[in-house]
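A structural walkthrough
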Amino acid sequence: LNYNYFYILLIAFIGGIILNGMPCVLPVLSIKILSMLQHLDKPSKIRKSFILTSLGIISSFAILAFSFIILRYFGTNIGWGMQFQQPLFLMLITFILAFFAFNLFGFYEISIPNFINNKLLINKTLKDNTKNFFNGFLTTLMATPCSAPFIGTAITAAFTQSMIMMFLIFLFMSFGLAFPYLLVAFFPKLIFYFPKPGRWMLYLKYFLGL
């Protein structure tokens, strides 16, 4: 098939944006915004947090693209969300998601011993930066089993085009997925349009756990 490259890259970008509204990805974005409601008086902290998460999304998509390119080079059949066809991976991700869900339901809280907590406070900035960056990886991980309008077209094109074009398609898809995060990063005052912290956050936490 002869694809118009710019058209396909636009499709990949739009597909990435739409992925944010899919049930597998929306809770990650919701939890991210929920956590930032505690820092309404610190726009710079909100900006930095969302930029790091965006970088995590883009980096993880780049790694994913390179992995697909290497597998294709060695003649392996590749596909979107192929890791979700592996039973061991499914068991691991199910355990991790259940672990987080039960925590959101309030079944348990993980308390860190004081002597560890005091030590972590010294490296809190580094810890927060790392957490924000790897939130982007989690977003990508949760997005890979999802399909959405435009995603099928973009992925089909990626697996039938040159390696450079495959990388560009995944890159533009990552920018689409990171778009809401970049939007808040450049316009942190958007967070003010969300309701202020209150009891509703507790109910939202249960809903996200579900």
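Predicted model, so just to flag it, every value in this text is computed and none were measured.

What counts and what doesn't
- Throughout, residues of each chain are indexed from 1 in the direction in which the sequence is written.
- Confidence filtering applies because this is a predicted model: local features only for residues at pLDDT of at least 70, side-chain atom pairs given and counted only at 80 or more, and all residues used for totals across whole chains, interfaces and linings.
- The side-chain numbers reported here are obtained from all heavy atoms of the structure, hydrogens and water having been left aside.
- Helix and strand assignments come from DSSP, with helices taken as H or I runs of at least 4 residues and strands as E runs of at least 2, each series counted from the N terminus.
- Remark: exposure states derive from per-residue accessible area (1.4 Å probe, protein chains only) relative to the maximum for the residue type, with buried under 20%, exposed over 50%, and partly exposed in between.
- What makes two residues a contact is simply this: any of their non-hydrogen atoms within 4.5 Å.
- The arc in question is traced by the directions running from the helix axis to the C-beta atoms.
- Only Phe, Tyr and Trp rings take part, Trp by its six-membered ring, and two of them pair if their centres are within 6.5 Å. Stacked means planes under 30 degrees apart, edge-to-face means over 60, and tilted covers everything else.
- Grouping buried Ala, Val, Leu, Ile, Met, Phe, Trp, Tyr and Cys residues that are joined through side-chain atoms within 4.5 Å yields what is termed a nonpolar core.
- For every residue, the pLDDT score states the predictor's confidence, bounded by 0 at the bottom and 100 at the top.

1. Quick word on the overall build of the protein chain
- When its secondary structure is counted, the protein chain shows nine helices and zero strands.
- Mapped in sequence order, the helices and strands of the protein chain form the string α-α-α-α-α-α-α-α-α.
- Looking at the protein chain as a whole, 37% of its 210 residues are labelled buried.
- Contacts spanning at least 24 positions in sequence make up 81% of the contacts within the protein chain whose residues lie at least 6 apart.

2. A short note on helix α7 (residues 151–158)
- Among the residues of α7, those classed as buried are Ile 151, Ala 154, Ile 155, Ala 157 and Ala 158. All buried residues of α7 lie within an arc of 160° about the axis, which places them on one face of the element.
- Lining the buried residues of α7 we find α1 (5–19), α3 (43–73) and α8 (163–186).

3. Here's the deal with the packing of aromatic side chains
- Counted under the stated rule, the structure contains 10 aromatic pairs.
- Residues Phe 134 and Phe 137 carry aromatic rings whose centres are separated by 5.2 Å and whose planes lie at 40° to one another, so their mutual orientation is tilted. Placement of the pair is Phe 134 and Phe 137 together in helix α6 (residues 124–143), with a separation of three residues, close to one helical turn.
- Overall, Phe 134 belongs to the partly exposed group, its relative accessible area being 46%.
- An aromatic cluster of at least three residues, connected via ring pairs, comprises Phe 61, Phe 68 and Phe 170.

4. A look at the nonpolar core
- The biggest cluster of nonpolar side chains holds 38 residues, and the ones touching the most others in it are Phe 50, Met 166, Ile 169, Phe 170, Met 173 and Leu 177.
- Elements that contribute at least two residues to this core include exactly α1, α2 (26–36), α3, α6, α7 and α8.
- If you tally residues by element for this core, the top one is α8, at 10 residues.

5. Some details on the confidence of the model for the protein chain
- Across the protein chain, pLDDT averages 77, with 74% of residues at or above 70.
- Of all helices and strands in the protein chain, the one with the weakest mean pLDDT is helix α5 (residues 114–122) (48), whereas α8 scores best (92).

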